[in-house]
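# Analysis of the macromolecular model
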Amino acid sequence: MTDPIPTTGLELILITGMSGSGKSVGLRALEDAGYYCVDNLPPELLLSFVALEQQHSARRVAIAIDVRSATSLPLVPAQLRELQRQGVAVLTLFLDSTTDTLVRRFSETRRRHPLSVNRPTTLEGGVLDQHHALVDAIELEREVLADLREQAHVIDTSVLRPAQLQAYVKALLSAPANQLTLVFESFAFKRGIPVDADYVFDVRMLPNPHYEAELRDLTGLDGPVVEFLKQYPEVEQMYRHIEQFLQHWLEPLARNHRSYVTVAIGCTGGQHRSVYLVERLAAAFGHRWTTLKRHREADVMKPKAA
């Protein structure tokens, strides 16, 4: 049995991800939480910058690194491992969005993608050529950032407002380090599957409170909806199947040094069935694991400590 690595007292959060996914919003949330934040630090300076902050007795540091440093990004995974070996508590957050969402955001802001290339366009095909060029740049960025994404906790910002993203980042900070954290997320299939989900469960086949007039405007947080769903054996069966699956695999995931596991529960509108099941699962697993609840469509997020 190896001795535990001594900690230095420094917490480092690396925030990275797709251009247009909200990294500046996430960095502001970290700054509000008391982190000293640096945007667009060249990866070549990461180790020396952290060493300097340690000399200054810094305790909380957040660094944004993205595709603007594309040529030196391959250095980052090894640098993070070295910092962990030195005892620095490292958390990597990767902000992601669907390609359609990123295209829309770039079009609305008229910003250029960092990997875009100026190309001459014809009068007839100019708009179409620009669209294809932007999609190509986004897909290239995904390839460049793939290794960092693989090692990070992913946050899907496709349908999040800035205030939601800030709240989610701050909720993650409440989770203990060096311990598996479960993120239970309800969502609506009609608005897309969260790209940050490790496991997705479809519960659209369960009885739908939406078709009960007195329940339509309520959510799975409300007592009448809870009582409606509790009366159906298939709802209980679905809950038990998800619970048993997670009970079986969470220990192996924790032994594999996973920091976060996101479990997404989806129904048609993300209002009744998925919210109800997320609440039950978070309550059940909160006795053993640190859990975070997020109701994507209801704009509700509540941390729950183990």
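My aim in this report is to walk through the structure given alongside it, one point at a time. What you are looking at is a predicted structure, and each value in this text was computed from that prediction instead of being measured.

A separate point is helix α2 (residues 46–55). Among the residues making up α2, those that are buried are Leu46, Phe49, Val50 and Glu53. Viewed end-on, α2 has its buried residues packed into an arc of 95°, placing them on one side of the element. Residues of α2 that are buried make contact with β1 (11–17), β2 (36–39), β3 (60–64) and α3 (76–85).

What follows deals with the nonpolar core. Core analysis: the biggest nonpolar cluster contains 29 residues, and Leu12, Ile63 and Leu83 have the highest contact counts within it. Of all elements in the fold, only β1, α2, β3, α3, β4 (89–96), α4 (99–109) and α5 (126–144) reach the threshold of two or more residues within this core. Counting residues in each nonpolar core, the second largest holds 28 residues, with Met238, Ile265, Leu277 and Val278 among its members.

Moving on, we come to the environment of Phe201. Tracing the sequence through the fold places Phe201 in strand β7 (residues 199–202). Classification of Phe201 by relative accessible area gives buried; the value is 17%. For the pair Phe201 and Gln179, spaced 22 residues apart in sequence, the C-alpha separation works out to 24 Å. With residues up to four places along the chain from it excluded, the contact list for Phe201 reads Ile242, Phe245, Val263, Ala264, Ile265 and Gly266.

Here we take up the packing of α2 against α3. Packed helices, taken two at a time, are described by their axes: the angle between them and the distance between them. The N-to-C vectors of α2 and α3 enclose an angle of 30°; their axes lie 10 Å apart at closest approach. When the interaxial angle is binned, α2 and α3 end up roughly parallel. Classified by chirality, the crossing of α3 by α2 is right-handed. Taking contact as the criterion, the partners of Leu46, Leu47 and Val50 in α2 are, on α3, Gln79, Leu80, Glu82 and Leu83. Taken together, the residues that form the contact of α2 with α3 break down as 5 nonpolar, 1 polar and 1 charged.

Looking now at the pairing of strand β9 (residues 290–295). In terms of burial, β9 is a largely internal element, 6 of the 6 residues being buried. By the alternation rule, side chains of β9 split into Thr290, Leu292 and Arg294 and Thr291, Lys293 and His295, which are all buried. Here 6 bridges tie strand β6 (residues 181–188) to β9, and the two strands are oriented parallel to one another. The partner of Glu185 across the bridge, within β9, is Arg294.

With that settled, consider the sheet that holds β3. Pairing is parallel in the open sheet, where 5 strands are placed in the order β2-β3-β1-β4-β5. Whereas interior strands pair on both sides, the edge strands pair on one side only; in this sheet they are β2 and β5 (153–156). Within the sheet, the average angular offset between the axes of one strand and its neighbour, ignoring direction, is 20°. Two elements, β4 and β5, share 4 bridges in a ladder whose sense is parallel. By the bridge assignment for β5, Phe94 is matched with Val154. Of the strands in this sheet, β1, β2, β3 and β4 touch helix α1 (residues 23–32), which is tilted by about 165° from β1. Running at roughly 155° to β5, helix α7 (residues 162–173) makes contact with β1, β4 and β5 of the sheet.

Attention now goes to the environment of Leu292. By the secondary structure assignment, Leu292 is in strand β9. Along the chain, Leu292 and Ser97 lie 195 residues apart, while their C-alpha atoms are 21 Å from each other.

Let us now look at the pattern of salt bridges. This model, assessed by the stated rule, comprises 19 salt bridges. Ionic pairing is found between Arg68 and Asp66, a salt bridge with its closest N-O pair at 2.7 Å. Residue Arg68 is classed as partly exposed on the basis of its relative accessible area of 47%. Among the salt bridges present, the one from Asp196 reaches Arg294, with a minimum N-O distance of 3.8 Å. With Asp196 in the loop between β6 and β7 and Arg294 in strand β9, the pair connects residues that are 98 residues apart, well separated along the chain. Of the two residues examined, Asp196 and Arg294, each falls in the buried class. Sharing partners across several salt bridges, the network here consists of Asp96, Glu139, Arg142 and Arg149.

Moving on, we come to unusual backbone geometry. Within the chain, Asn40 stands out as a residue other than glycine whose phi angle is a positive 60°. Following the sequence through the fold, Asn40 ends up in the loop between β2 and α2. Classification of Asn40 as partly exposed rests on a relative accessible area of 28%. Even without a glycine there, the phi angle at Arg110 is positive, about 60°. Following the sequence through the fold, Arg110 ends up in the loop between α4 and α5. On the basis of relative accessibility, which here comes to 77%, the residue Arg110 falls in the exposed class.

What counts and what doesn't
Residues numbered from 1 in each chain as written. Predicted model: local features only at pLDDT ≥ 70, side-chain atom pairs only at ≥ 80, totals over all residues. Heavy atoms only, no water. Buried < 20%, exposed > 50% of the residue type's maximum accessible area, 1.4 Å probe, protein only. Helix = DSSP H or I, 4+ residues; strand = E, 2+ residues; numbered from the N terminus. Arc of directions from axis to C-beta. Contact = heavy atoms within 4.5 Å. Core = buried A, V, L, I, M, F, W, Y, C linked by side-chain atoms within 4.5 Å. Axes fitted to C-alpha atoms, helices over the stretch in contact; angles between N-to-C directions. Parallel < 35°, antiparallel > 145°, perpendicular 65-115°, else oblique. Left-handed = near helix turned anticlockwise from the far one by under 90°. Nonpolar A, V, L, I, M, F, W, Y, C, P; charged D, E, K, R; others polar. Pairing = 2+ DSSP bridges. Salt bridge = Lys/Arg side-chain N within 4 Å of Asp/Glu carboxyl O.

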